[in-house]
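Descriptive structure summary
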Amino acid sequence: MSILIYGKRPDQQHLQSLLESCSHHPLSCARPVHPESYDQFISHLRSQSFRAIFIHEAGAAGMESVRAAKVLCPDTPVIWFSDDHLFHQHSQRLSAAYFAVKPICKHHIEAALQCCTA
């Protein structure tokens, strides 16, 4: 079982450590895949299946990443962490399972994980 975590390297690492701190949830020990570029992100979406997709990307780039994930993996829960609360409406339109605004803490991860199993 694997999850995809997309964003800048420090954001990926922060998100990974928060996920690991939620040891009571099965996804906390899922094998993470960390694409290093948007092209690699798209390639992973096309070639693998994931239990969840975490996008920790700012602005319109985050919205485009969510859109791509929902088009290529429509049945996989997509969790979107943005830098702008105004993208919340877009997250609903794109059917993201969970949306939150940075900074992200353990509370956000626990709520997002609940959406992955609901």
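Okay, so let's go over this structure. (Residues numbered from 1 in each chain as written. Predicted model: local features only at pLDDT ≥ 70, side-chain atom pairs only at ≥ 80, totals over all residues. Heavy atoms only, no water.)

Things to note about helix H5 (residues 106-117)
If you check H5, its first and last C-alpha atoms are 17 Å apart, about what 12 residues at 1.5 Å a residue would give, namely 16 Å. Taken residue by residue, H5 has His108, Ile109, Ala112, Leu113 and Cys116 as its buried positions. Looking straight down H5, one finds that the buried residues subtend no more than 130° of arc, so they occupy a single side. (Helix = DSSP H or I, 4+ residues; strand = E, 2+ residues; numbered from the N terminus. Expected span 1.5 Å × (residues − 1). Buried < 20%, exposed > 50% of the residue type's maximum accessible area, 1.4 Å probe, protein only. Arc of directions from axis to C-beta.)

As for the side chain of Ser2
Tracing the backbone through its elements, the reader meets Ser2 in strand S1 (residues 2-7). Those residues within four positions of Ser2 in sequence are excluded, and the remaining contacts are Ala30, Arg31, Val33, Ser49, Phe50, Arg51 and Ala52. (Contact = heavy atoms within 4.5 Å.)

Considering the packing of aromatic side chains
One pass over the full model with this rule turns up six aromatic pairs. Between Tyr6 and Tyr38 the ring centres are 6.4 Å apart and the planes differ by 65°, which places this aromatic pair in the edge-to-face class. A residue pair is termed long-range when its members are at least 10 positions apart, and Tyr6 in strand S1 and Tyr38 in helix H2 (residues 38-47) qualify at 32 residues. Relative accessible area serves as the criterion here: at 8%, Tyr6 is assigned to the buried category. Between Trp80 and Phe87, the ring centres sit 5.6 Å apart and the planes meet at 55°, which makes this aromatic pair tilted. Classification of Trp80 as buried rests on a relative accessible area of 0%. Judged by relative accessible area, Phe87 falls into the buried class, the value being 14%. Taken together, the aromatic side chains of Tyr6, Tyr38 and Phe41 make up a single cluster linked through ring pairs. (Phe/Tyr/Trp six-rings, centres within 6.5 Å; stacked < 30°, edge-to-face > 60°.)

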